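Topology and contacts: notes
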Amino acid sequence: AARSRATCLQQATFAYDGMAKLGEGDQRWIVKEREDGRNCNNWHWTSKDVSKNTKEELIRCLEACTFEPPIALARVKSAEVTGEASINNRKGKIFLIYDLEVKLKWEASDGEGGEACKGSMKLPDVSATMLDDLDCEFTCKSSGGVATAMRKQGVAAVRRCIEEAMLRMQEEVRAEKARPEAEAVAETCRPNATPAVAVPLPKPIAVSTVPAKQPPPQPKPAEPAAGSDSGEEEEGEDKLPPALEAALRGLRQEPEAQREVCLANCSLRDSHLEPLIQALHHSRCAVETLDLAFNRLSDAGVHVLCRAVASGCAMELSSLRLGGNKLSPAGLALGQSLKQSRPDLLVDLKPQLKDARSMCTVGNVYPGSPAATAGLRTGDSIIAFGPLLHAGFRGVSESIVPAVKASVGRPIDVVVVRMGEGAQVQQLALTLTPQTWSGGGLLGCILK
């Protein structure tokens, strides 16, 4: 063992002594700049500053921006663009990188010698990552139909103008790169072109082919046992609730007719907000009231929603209800912060359903039943059973029983009114899961 350690030490010492010292490395492995300055195969990162041309082109497009009635006479008086833009090339791929800030002044009138107003817009973050969701700070001291149209349709037109201009410049950059390659291919395809000199290639080394060993068959994953609802829960999280699907159809087909969107107690999650926000971004969106009370939204979802509303989503919105969701004090503060950017917007964070009316009352609740597990108590008044509210309630047998039978093993969000301590009335959100148990029925309580 001692001799082995000595041998290893001697080999390590020899290897250390044989290492190249600073400035004495093998020239074959040292990367140097080529004397002709050529960037072979565009392997190295290259960057070209195009800030001036990009700003000038974007200003030209903004000053030529057109608007649709009723603000067809609106125009951009002046535009200012600051920031940087560059064309970058790496490993043969070319792309435009930009980080710009746009400020512009506008004026508009109704064309009948009546109302006229002017204002400004500021888009602080115009970049490739934010191009499809540009924040816009709208300023106008006037009020009225023209100002409202500029806040809604004018902002959308400016966003669309900037997006189209930047995408067009990006395509022009790619087309410039493709042109020399196409010319080179055409040159080699000419009939009189000088054929390229054939370079002899080394013969491939013969390698005996050995069939690869087949991996042992993997056991199939065990199928979920009967009655297991894990797969159904995952599918339910990804699938849009029926009430949201109906609301989205209305917002996409007839956006001007949708003044109030009620999605209270519809089991909405954070992942369901993206299609809703996209629909509210419609240039003709006329939603004035959005009710999202008593859902399963968290602080993260409320943050995304508030950010979209603050940046110009649903400009006609005057009332937003978020009470009864799973929000922390920080999430509640996010809703209140909307008043800074949208002072005309009322954000209701109280845990209560608007215009709630009792549909039925809970009678006996049997111990160990799904109703007892959910927290239902005798005397509770049910005001929401999933998306079902009093307006669509036809009776326990006609409305609630079919919903229970269709949701066996799946949770249903229920809102009840309960008399608390000190004779205080409060609305509570409970989760009820209909299922078979040792007693009768799927709920284990009496509704009357």
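These figures come from a predicted structure and were not determined experimentally. (Residues numbered from 1 in each chain as written. Predicted model: local features only at pLDDT ≥ 70, side-chain atom pairs only at ≥ 80, totals over all residues. Heavy atoms only, no water.)

From N to C terminus, the protein chain includes ten helices and 14 strands. Counting over 448 residues, the protein chain shows a buried share of 34%. Counted over contacts in the protein chain with a minimum sequence separation of 6, partners at least 24 positions apart contribute 70%. Accessible surface, the protein chain as shown: approximately 28,500 Å² in total, 53% of it carbon and sulfur. (Helix = DSSP H or I, 4+ residues; strand = E, 2+ residues; numbered from the N terminus. Buried < 20%, exposed > 50% of the residue type's maximum accessible area, 1.4 Å probe, protein only. Contact = heavy atoms within 4.5 Å. Areas by Shrake-Rupley, 256 points an atom, 1.4 Å probe, with all protein chains shown as cover.)

This part is about the pattern of salt bridges. Using the criterion set out here, one finds 13 salt bridges in the structure. A salt bridge links Glu256 to Arg284, with the shortest nitrogen-to-oxygen separation between them at 2.9 Å. Residue Glu256 is found in the loop between helix 5 (242–253) and strand 6 (260–262), and its partner Arg284 is found in the loop between helix 6 (273–280) and strand 7 (289–291); the two are separated by 28 residues along the sequence. For Arg284, a relative accessible area of 42% gives the class partly exposed. Two residues, Arg418 and Asp380, come together in a salt bridge whose shortest N-O distance is 2.7 Å. In this pair, Arg418 is assigned in strand 12 (residues 412–419) and Asp380 in the loop between helix 9 (370–374) and strand 11 (381–385), connecting sequence segments 38 residues apart. Among the charged side chains, a salt-bridge network with shared partners connects Glu57, Arg60 and Arg168. (Salt bridge = Lys/Arg side-chain N within 4 Å of Asp/Glu carboxyl O.)

Under the criterion given, the structure shown has one aromatic pair. An angle of 20° between the planes, with centres 5.7 Å apart, marks the rings of Trp106 and Phe138 as stacked. Note that Trp106 is positioned in strand 3 (residues 93–109) and Phe138 in strand 5 (residues 137–140), a separation of 32 residues in sequence. Assessed through its relative accessible area of 1%, Trp106 is described here as buried. Under the relative-accessibility criterion, Phe138 is labelled buried at 16%. (Phe/Tyr/Trp six-rings, centres within 6.5 Å; stacked < 30°, edge-to-face > 60°.)

Between the first and last C-alpha of helix 2 (residues 51–63) there are 18 Å, a value that for 13 residues agrees with the 18 Å anticipated at 1.5 Å per step. Among all positions in helix 2, only Ser51, Thr54, Leu58, Cys61 and Leu62 are buried. One side of helix 2 carries all its buried residues, which in axial view fall inside an arc of 105°. In helix 2, the exposed positions that point more than 90 degrees away from the buried face belong to Lys52 and Asn53. (Expected span 1.5 Å × (residues − 1). Arc of directions from axis to C-beta.)

The strand order 13-12-11-10-14 describes an open sheet built from five strands, whose pairing is antiparallel. Each having just a single partner strand, strand 13 (425–432) and strand 14 (445–447) make up the two edges of the open sheet. Strand-to-strand twist of the sheet, defined as the mean angle between neighbouring strand axes without regard to direction, takes the value 35°. Bridge count for strand 10 (residues 360–365) against strand 14 is two bridges, and the pairing is antiparallel. Bridge pairing in strand 14 links Val362 to Leu447. In the packing of helix 10 (residues 396–405) onto the sheet, contacts are made with strand 10, strand 11, strand 12 and strand 14, and the angle to strand 11 comes to roughly 60°. (Pairing = 2+ DSSP bridges. Axes fitted to C-alpha atoms, helices over the stretch in contact; angles between N-to-C directions.)

Turning next to a positive patch on the surface. On the surface, a cluster of positive charge is made up of Lys77, Lys105, Lys118 and Lys141. With respect to the element layout, Lys77 can be found in strand 2 (residues 75–90). Judged by its relative accessible area of 38%, Lys77 falls in the partly exposed class. (Patch = residues over 30% accessible without salt bridge, like charges linked within 9 Å, V, L, I, M, F, W, Y side chains within 5 Å. Lys, Arg positive; Asp, Glu negative; His and termini not counted. Charge placed at Lys NZ, Arg CZ, Asp CG, Glu CD.)

This part covers the confidence of the model for the protein chain. Averaged over every residue, the pLDDT of the protein chain is 78; residues scoring 70 or more account for 74%. Across the protein chain, the element-wise mean pLDDT spans from 47 in helix 4 (residues 230–238) up to 94 in strand 7. Below a pLDDT of 50 lies the segment residues 12–17, which in the model reaches zero contacts outside its immediate sequence neighbourhood of four places, other chains included. Here residues 185–213 is modelled with pLDDT under 50, and outside its nearest four sequence neighbours on either side it reaches two contacts, counting other chains as well. (pLDDT = per-residue confidence, 0-100.)

Next up on the list: helix 10. Where helix 10 is concerned, the buried positions are Ser399, Ile400 and Val404. Angularly, the buried residues of helix 10 cover 115° about the axis, an arc narrow enough to put them on a single face. More than 90 degrees from the buried face of helix 10, the exposed residues found are Ser397, Glu398 and Lys405. Buried-residue contacts for helix 10 involve strand 10, strand 11 and strand 14.

It is worth spelling out the side chain of Ser86 at this point. Tracing the sequence through the fold places Ser86 in strand 2. The class of Ser86 is buried, set by a relative accessible area of 17%. Once residues lying within four places of it in the same chain are set aside, the contact partners of Ser86 are Ser47, Lys48, Asp49, Val50, Phe95, Leu96 and Ile97.

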